[in-house]
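# What the coordinates show
Listed below, chain by chain, are the residues.
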Amino acid sequence: MTETTFTPGPETARAFRDALGCFGTGVTVVTAMTERGPAGITANSFASVSLDPALVLWCLANGSARYDTFANAPHYAIHVMAEDQHDLAQSFARDGLAFAHVDWQPGLNGVPTLKHALARFDCRLDARYPAGDHQILVGEVLSATHRPGKGLMFKRGQFGGFTDLL
């Protein structure tokens, strides 16, 4: 087994991404309503922040083609994708306006809500913090929904499922 040690920087960006990819995460799709209609973006940088008040965060790349849509959205919904929603997550990773074949409906504050997600957090933008090449978006959770099921995972550049330990 070969172990690689390096100092993160521009010349080791690929190695840094590979190291980060060792940490498996859940997959979310964040949605917002815009003047042009519903928009979505796939993100795996999601975390809880606080129980009281109820706060969650996600990170948005400064270079994202959807930066203006999501950095300035006053309300948005974060959907935790179920294991069988791989195609939906892939679709929103490629195209933020890919709602033509999506089962959705307007939710709280008119924000598009996706059906069959494992969980959904309807949020109001609480704070935005610059952090390197991303923005950290903190949302106050106004409403939360969840159901039983297994989540979609992302690790080492691949989507997958979760296997229960015996």
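Conventions adopted
Residues numbered from 1 in each chain as written. Predicted model: local features only at pLDDT ≥ 70, side-chain atom pairs only at ≥ 80, totals over all residues. Heavy atoms only, no water. UniProt positions renumbered as here; feature names shortened; annotations may be inferred. Pairing = 2+ DSSP bridges. Helix = DSSP H or I, 4+ residues; strand = E, 2+ residues; numbered from the N terminus. Salt bridge = Lys/Arg side-chain N within 4 Å of Asp/Glu carboxyl O. Buried < 20%, exposed > 50% of the residue type's maximum accessible area, 1.4 Å probe, protein only.

As annotated in an unreviewed UniProt entry, the protein chain carries the name Flavin reductase family protein and comes from Ruegeria sp. PrR005. Taken from UniProt, the Sequence similarities (unreviewed entry) comment for the protein chain reads in full: "Belongs to the non-flavoprotein flavin reductase family."

### A short note on the pairing of strand β6 (residues 75–80)
Walk down a regular strand and you will see the side chains alternate between the two sheet faces. Sheet analysis places strand β2 (residues 28–34) next to β6, joined by 4 bridges and oriented antiparallel. The residue of β6 that forms the bridge with Val29 is His79. Of the pairings in the sheet, the one linking β6 to strand β9 (residues 119–131) comprises 6 bridges and is antiparallel in character. Bridge pairing links Ala77 to Asp122 in β9.

### Some remarks on the pattern of salt bridges
Within this structure, the stated rule accounts for 4 salt bridges. Asp18 is paired through a salt bridge with Arg14; the nearest N and O atoms lie 2.9 Å apart. Placement of the pair is Asp18 and Arg14 together in helix α1 (residues 13–20), with a separation of 4 residues, close to one helical turn. Residue Arg14 is classed as exposed on the basis of its relative accessible area of 54%. Among the ionic pairs, Glu140 bridges to Arg124, the shortest N-O distance being 2.6 Å. Taken together, the residues span a long stretch of sequence, with Glu140 in strand β10 (residues 134–146) and Arg124 in strand β9 at a distance of 16 residues. Judged by its relative accessible area of 25%, Glu140 is partly exposed. Judged by its relative accessible area of 30%, Arg124 is partly exposed. Among the ionic contacts, a cluster of salt bridges with common partners joins Arg124, Asp126 and Glu140.

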